[in-house]
Amino acid sequence: MHKDNLIGEEGKGWSYLLDTLNAERIVTTAGLIGTGQLALQLAVNYAKERVVFNDTPIGAYQGIQFPLAKIRAELELAQLMNYKAAWLYDQKKPNGTEANMAKLIAAEAAFHACDQAMQVMGGYGYAKEYHIERLWRDVRLFKIAPVSEEMILNYISQHDLGLPRSY
């Protein structure tokens, strides 16, 4: 290879790649949080409008309220971790742990939000007009991409807990 074709320092390609992947995780996480927030809002709106027994909206029942409240907390935690990862990235500080943790938590929270929204809406959750069926399908991908949950857990185990490499 000719020196004019070299980008960055020789021998640093792997660290450059990891830095790019961390940025991808941060951006992906932001999208997951937004998807989870949309699913939650659609579920909340439905729970306020759907009326049963004695003209009571289903959102008045704790069986509907509590899972939605928990999702709200999960999404907020994911967002805070993503802010931390993004801040570290902007400061050019190590951010692999935070980017991985944010993506792990956001993928789980977004999937949980979509799944619970589908549960709240019952059969309407499958109807294209309510959008949850599409969100649920789309968000499922991000439990495995751009990096799978298992690979994130491998990273955390090895880099943060000091456990031996498992693969």
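Residues numbered from 1 in each chain as written. Predicted model: local features only at pLDDT ≥ 70, side-chain atom pairs only at ≥ 80, totals over all residues. Heavy atoms only, no water.

Here we look at unusual backbone geometry
Move 1: Look at the link from Ala145 to Pro146: it is a cis peptide, with omega at 0°.
Move 2: Among the structural elements, Pro146 can be located in the loop between α4 (132–141) and α5 (149–160).
Move 3: Backbone geometry at His131 places phi at a positive 70°, although glycine is not the residue there.
Move 4: Summarising the element assignment, His131 is placed in the loop between α3 (96–121) and α4. (Helix = DSSP H or I, 4+ residues; strand = E, 2+ residues; numbered from the N terminus.)

What to know about the layout of surface pockets
Move 1: Taken as a whole, the largest pocket encloses approximately 370 Å³ of empty space.
Move 2: Trp14, Leu18, Tyr155, His159 and Tyr167 are, among the 16 residues lining the largest pocket, the residues nearest its centre.
Move 3: Secondary-structure elements contributing two or more residues to the lining of the largest pocket are α1 (13–49), α3 and α5.
Move 4: Of the residues forming the lining of the largest pocket, the biggest block, six residues, is contributed by α5. (1 Å grid on protein atoms, 1.4 Å probe; cavity = no way out; pocket = protein on both sides within 12 Å on 5 of 7 lines; lining within 4 Å. Points joined across faces, edges and corners; volume = space filled by probe spheres on them.)

Points about the packing of aromatic side chains
Move 1: Taken as a whole, this structure holds four aromatic pairs when the rule is applied.
Move 2: Plain terms: the ring middles of Tyr124 and Tyr130 are 5.2 Å apart, the flat faces sit at 40° to each other, and that makes the pair tilted.
Move 3: The class of Tyr124 is partly exposed, set by a relative accessible area of 44%.
Move 4: The partly exposed category is assigned to Tyr130, whose relative accessible area is 29%.
Move 5: Chaining the aromatic ring pairs together yields one cluster made of Tyr46, Tyr124 and Tyr130. (Phe/Tyr/Trp six-rings, centres within 6.5 Å; stacked < 30°, edge-to-face > 60°. Buried < 20%, exposed > 50% of the residue type's maximum accessible area, 1.4 Å probe, protein only.)

Observations regarding a nonpolar patch on the surface
Move 1: Residues Trp14, Leu17 and Leu18 make up a contiguous nonpolar surface patch of roughly 310 Å² in combined accessible area.
Move 2: Along the chain, the position of Leu17 falls in helix α1.
Move 3: Classification of Leu17 as partly exposed rests on a relative accessible area of 39%. (Patch = residues over 30% accessible without salt bridge, like charges linked within 9 Å, V, L, I, M, F, W, Y side chains within 5 Å. Areas by Shrake-Rupley, 256 points an atom, 1.4 Å probe, with all protein chains shown as cover. Salt bridge = Lys/Arg side-chain N within 4 Å of Asp/Glu carboxyl O.)

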